[in-house]
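# Reading the structure
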Amino acid sequence: MNIVFLDRKSLGDDLDLSDFKRLGNVTEYNFTEPDQMEERVRDADILIVNKTQINEATVGGASHLKAVCVTATGVNNIDIPYLESQGIHWHNVAGYSTESVAQHTIAIALYMYEHLAYYDRYTSSGQYAEDELFTHFAMTFHELYGKQWGIAGLGAIGHRVAQIAASFGCRVVYYSTSGVDRAEPYPRLDWEEFLTTSDLISIHSPLNKTTEGLFDSQAFEHMKNDAILVNVARGAIINEKDLAYALDNGEIKAAALDTLTVEPMSKSSPFLRMKHKDRLLITPHIGWASTEARQRLMRIVLSQVKEEI
């Protein structure tokens, strides 16, 4: 049994994959470019991938291929109809990162909400040591208690964030990006009311034709000037050029992003040209990647591989 990891680096070097080696011959590649695919997949029985493109052009010559395991929930990178037409099984992993992403959502939201970057600079620069007052009021912040936290996409992660936000005393509301109406413990608002009344909005929806570019210039014009936007879903749900403009011109207060349209970040990103970069926090798509979440992920993938043997 030949098990091939095509983008091993995406899982982190700290994970122990020795259990896979007990199941067969394991080959690990940190990254795989399209022109390297033919050779690397030729003798593979099982491919384990994260973002590598899997389609007829890349795996058409893999005559032994039995299954493709995606180490993620999203499967935009694999051609499912092609795999199924060839009798090749495919697997993804859902639910492994709910706690991790929810935690990261709260962390980056609070980081911006309480101006923590400013206060860190204030103390680490030595300014606090020169001050006469024990406290500092240059950048004030508000309590979350009583504020409205809007959830865009009330799936598993959205629900978990809603629970945490409610524990802070927030009024939690949601906007259904799917349009499906179902019984929920939180009020469902239409799009305009959702935007105009929410103090914080966090995005947890999938990327599809309905959500692509959903947060654009019109959306930002409707949002409160002191609102904070958090995106831990998919970068393309936000029109990045419009967001950069909205932040620079004070249409919204701040944004915290864990996902971008192009990853790694494009050198032509509008965020790199912003005048007020302190209004934006970007983390490099790490919300899913707590140690526990990645370990959980690989336990599930291991079980999938065992099913295929």
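Here the structure is shown first, and the text comes after it.
So, here's what we can say about the structure. None of these values were measured; they are calculated from a predicted model.

So, on to the sheet that holds strand β9 (residues 228-231). Spatially, six strands are ordered β7-β6-β8-β9-β10-β11 in an open sheet, and the strand pairing comes out parallel. If you trace the sheet from one side to the other, it starts and ends with β7 (171-175) and β11 (280-282), each paired once. Across the sheet, the axes of successive neighbouring strands diverge by a mean angle of 15°, strand direction being ignored. Those strands touched by helix α8 (residues 156-167) are β6 (148-152), β7 and β8 (200-203), and its axis lies near 175° from that of β6. Its contacts with the sheet place helix α11 (residues 240-248) against β9, β10 (254-257) and β11, and it is angled at close to 145° to β10.

This next bit is on the pattern of salt bridges. This model, assessed by the stated rule, comprises eight salt bridges. The partner of aspartate 14 in a salt bridge is arginine 294, with the nearest N and O atoms 2.7 Å apart. Placement of aspartate 14 in the loop between β1 (2-5) and α1 (18-21) and of arginine 294 in helix α12 (residues 291-308) is noted, with a sequence separation of 280 residues between them. Owing to a relative accessible area of 48%, aspartate 14 belongs among the partly exposed residues under this scheme. Looking at arginine 294, the relative accessible area reads 9%, which means it is buried. Salt-bridge contacts for arginine 182 lead to glutamate 184; the nearest nitrogen and oxygen are separated by 2.7 Å.

To continue, consider the packing of helix α5 (residues 98-113) against α8. A pair of packed helices can be characterised by two numbers: the angle between their axes and the separation between those axes. Following both chains from N to C, one finds α5 and α8 inclined at 50°, their axes separated by 9 Å at the closest point. It follows from the interaxial angle that α5 and α8 lie oblique. Both α5 and α8 take part in a crossing whose hand is right-handed. Between α5 and α8, the residues in contact are Thr98, Glu99, Val101, Ala102, Thr105 and Ile106 and Ala156, Ile157, Arg160, Val161 and Ile164, respectively. Grouping the amino acids of the contact of α5 with α8 by side-chain chemistry returns seven nonpolar, two polar and two charged.

This paragraph deals with the sheet that holds strand β5 (residues 89-91). With parallel pairing, five strands are arranged side by side in an open sheet as β2-β1-β3-β4-β5. On the outer flanks of this sheet lie β2 (25-28) and β5, each paired with one strand and no other. Going across the sheet, the axis of each strand differs from the next one's by a mean of 15°, ignoring polarity. Bridging between strand β3 (residues 46-49) and strand β4 (residues 67-70) involves four bridges; their strand directions are parallel. For isoleucine 46, the partnering residue across the bridge sits in β4 and is alanine 67.

What follows concerns the pairing of β1. Relative to β2, β1 runs parallel, the two being bridged by four bridges. Its bridge partner lying in β2, isoleucine 3 is registered against valine 26. When β1 meets β3, the two strands line up parallel, connected through three bridges. Paired with valine 4 across the strands is leucine 47, a residue of β3.

A word on the nonpolar core. The nonpolar side chains of a soluble globular protein tend to be buried with one another. Counting residues in each nonpolar core, the largest one holds 46 residues, and the members touching the most others are Phe5, Phe20, Ile48, Trp149, Met298 and Val301. Per-element accounting of this core gives the leading share, seven residues, to α5. Ignoring anything within four residues of it in the chain, the contact list for isoleucine 48 reads Ile3, Val4, Phe5, Leu6, Asp7, Phe20, Cys69, Thr71, Val301 and Val305. Among the nonpolar cores identified, the runner-up in size contains 29 residues, and Phe194, Phe220, Ile238 and Leu247 belong to it.

To continue, consider the packing of aromatic side chains. When we look at a pair of aromatic rings, we describe it by the centre distance and by the angle of the planes. Under the definition given, this model contains nine aromatic pairs. Arranged with centres 5.4 Å apart and planes meeting at 80°, the rings of phenylalanine 5 and phenylalanine 20 form a pair that is edge-to-face. Of the two residues, phenylalanine 5 sits in strand β1 while phenylalanine 20 sits in helix α1, which places them 15 residues apart along the sequence. With a relative accessible area of 1%, phenylalanine 5 lands in the buried category. Ring geometry for tyrosine 118 versus tyrosine 119: centroids 5.2 Å apart, planes at 75°, classification edge-to-face. These aromatic residues form a ring-pair network of at least three members: Tyr118, Tyr119, Tyr122 and Tyr128. The positively charged end of lysine 253 is found above the aromatic ring belonging to tyrosine 113, 5.9 Å away from the centroid.

Criteria and thresholds
- The residue numbers shown here count from 1 along each chain, following its written sequence.
- Reporting in this predicted model follows two pLDDT cut-offs: at least 70 for local features of residues, and 80 or more for side-chain atom pairs to be given and counted; totals over whole chains, interfaces and linings ignore these cut-offs and use all residues.
- Excluded from the side-chain calculation are hydrogens and water; included are all heavy atoms of the structure.
- Two strands make a pair as long as DSSP finds a minimum of two bridges between them.
- Put simply, DSSP marks the helices as runs of H or I at least four residues long and the strands as runs of E at least two long, and each gets a number from the N terminus on.
- Where helices are involved, their axes are fitted lines through C-alpha atoms of the stretch in contact, as for all axes, and angles between N-to-C directions lie from 0 to 180°.
- Should any heavy atoms of two residues lie within 4.5 Å, those residues are counted as being in contact.
- Salt bridge, as used here: a side-chain nitrogen of Lys or Arg that lies within 4 Å of a carboxyl oxygen of Asp or Glu.
- Relative accessibility thresholds used throughout: buried, under 20% of the residue-type maximum; exposed, over 50%; partly exposed, between the two (1.4 Å probe, protein chains only).
- Roughly parallel covers angles under 35 degrees, roughly antiparallel covers those over 145, roughly perpendicular covers 65 to 115, and oblique covers all other angles.
- Two helices cross in a left-handed way if the nearer one is turned anticlockwise from the farther one by less than a right angle. They cross in a right-handed way if the turn is clockwise.
- Classification used: nonpolar for Ala, Val, Leu, Ile, Met, Phe, Trp, Tyr, Cys and Pro, charged for Asp, Glu, Lys and Arg, polar for all others including Gly.
- Here the nonpolar core consists of buried residues drawn from Ala, Val, Leu, Ile, Met, Phe, Trp, Tyr and Cys, with membership extended through side-chain atoms lying within 4.5 Å.
- We call Phe, Tyr and Trp rings a pair once their centres come within 6.5 Å, taking the six-membered ring for Trp, and we label the pair stacked below 30 degrees between planes, edge-to-face above 60, and tilted otherwise.
- Throughout this description, the term charge over a ring refers to an Arg CZ or Lys NZ atom that lies within 6 Å of the ring centre and within 35 degrees of the ring normal.

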